[in-house]
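One-letter residues, chain by chain:
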Amino acid sequence: MGVRASIVVCTTSFLLGSLFTHWIADSLTLWKSPVTDEHLWTAALYYSILTKAPIELLYVLFAIVALGGTTIFWSFREGEAGNLMFDGGSIVLYGTTVLMYLYSVIPNVVAKFSSLPHYQINEPFPRLLRSPTLDLASNHLICSVALTGILILQAGRWWAELSDGDDDPTYLQEKSEGPSTPAEEPISQPLHAPIPTL
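Everything quoted here is computed from the prediction, not taken from an experiment. (Residues numbered from 1 in each chain as written. Predicted model: local features only at pLDDT ≥ 70, side-chain atom pairs only at ≥ 80, totals over all residues. Heavy atoms only, no water.)

*Asks:* Account for the packing of helix α1 (residues 2-20) against helix α4 (residues 55-76), with residues named and values stated.
*Replies:* It is at 9 Å that the axes of α1 and α4 come closest, and there the two elements cross at 145°. Considering how the two elements wind past one another, α1 and α4 form a crossing that is left-handed. Residues R4, I7, V8, T11, F14 and L15 of α1 lie in contact with α4, whose contacting residues are L61, I64, V65, L67, G68, T71, I72, W74 and S75. Grouping the amino acids of the contact of α1 with α4 by side-chain chemistry returns ten nonpolar, four polar and one charged. (Axes fitted to C-alpha atoms, helices over the stretch in contact; angles between N-to-C directions. Helix = DSSP H or I, 4+ residues; strand = E, 2+ residues; numbered from the N terminus. Left-handed = near helix turned anticlockwise from the far one by under 90°. Contact = heavy atoms within 4.5 Å. Nonpolar A, V, L, I, M, F, W, Y, C, P; charged D, E, K, R; others polar.)

Dropping the structure here:
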C-alpha cells in the first residue's frame with residue numbers, strides 16, 4: 001500500500017507542478033482585473049512557445065499520467081472500504097483532469113496558438129483568440145483543484161488507516177505493553193500433604 005500511495009502522490013504532485021508553470025500566463029488572464037490586451041498577448045505568446053516544445057516532453061507527460069492512473073486503479077482493485085472511498089474519489093478527479101486536458105486544453109492550444117499573427121505592441125488582441133486564452137486559464141485552474149483534491153484524498157486515506165490501527169484493541173495492547181517478552185510459566189505450588197496424626 002505504501003509504495004502505491006507514494007507513486008500516486010508523486011505523480012499527482014508532478015502534474016500539479018506542471019500546471020503551476022502555466023501561472024506565468026494564467027495569472028494575467030484569470031486573476032488580474034481588468035484583463036488588458038498586453039496581458040492577453042503575453043499569455044498567447046506563452047502558449048505559442050508551448051506548441052513548439054519537443055514532442056518527447058509530451059511523451060514523458062503521457063507516461064507519467066498513465067503511471068498515476070494505473071496505480072490508482074491497481075489500488076482500487078483490492079476492494080477494501082478505504083480503497084473504494086478514497087481511491088474511487090481519486091479516480092473521478094484524475095479522470096476529470098485527464099479528460100479536460102485531452103478534449104479541451106491540448107486541442108485548444110494546438111488549434112489556436114500554433115501560429116500567432118504578427119503584432120505591434122499597441123495592436124488590439126484578436127477577438128478570435130480572446131475566448132480560447134481565457135478558457136485555458138479556467139481549465140488549468142479546474143485541473144489544479146482536481147489534482148489538489150487527489151492529494152487531500154490520499155492524505156485522508158492515510159489518516160483513516162492510521163486511525164483504524166489506533167482503534168484495534170490488540171494494537172493498543174501491544175503498544176502499551178512494549179516489546180513482547182516470552183510468557184512466564186506459573187510457579188507451581190507444592191501440594192499440602194496431610195499432617196500425620198499420632
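Now that the structure has been shown, we can carry on.
*Asks:* Pulling in residues and values, what's your account of the nonpolar core?
*Replies:* Residues Y47, F113, F125 and L136 are the most contacted members of the largest nonpolar core, which totals 14 residues. For this core, the elements supplying multiple residues, two or more each, are α3 (37-51), α5 (81-113) and α6 (127-167). Among the elements that take part in this core, α3 stands out by supplying six residues, more than any other. Setting aside residues up to four positions removed in sequence, Y47 forms contacts with A25, D26, V109, F113, L136, A137 and H140. V8, L15, V65 and I150 belong to the second-largest nonpolar core, a separate cluster that totals twelve residues. (Core = buried A, V, L, I, M, F, W, Y, C linked by side-chain atoms within 4.5 Å. Buried < 20%, exposed > 50% of the residue type's maximum accessible area, 1.4 Å probe, protein only.)

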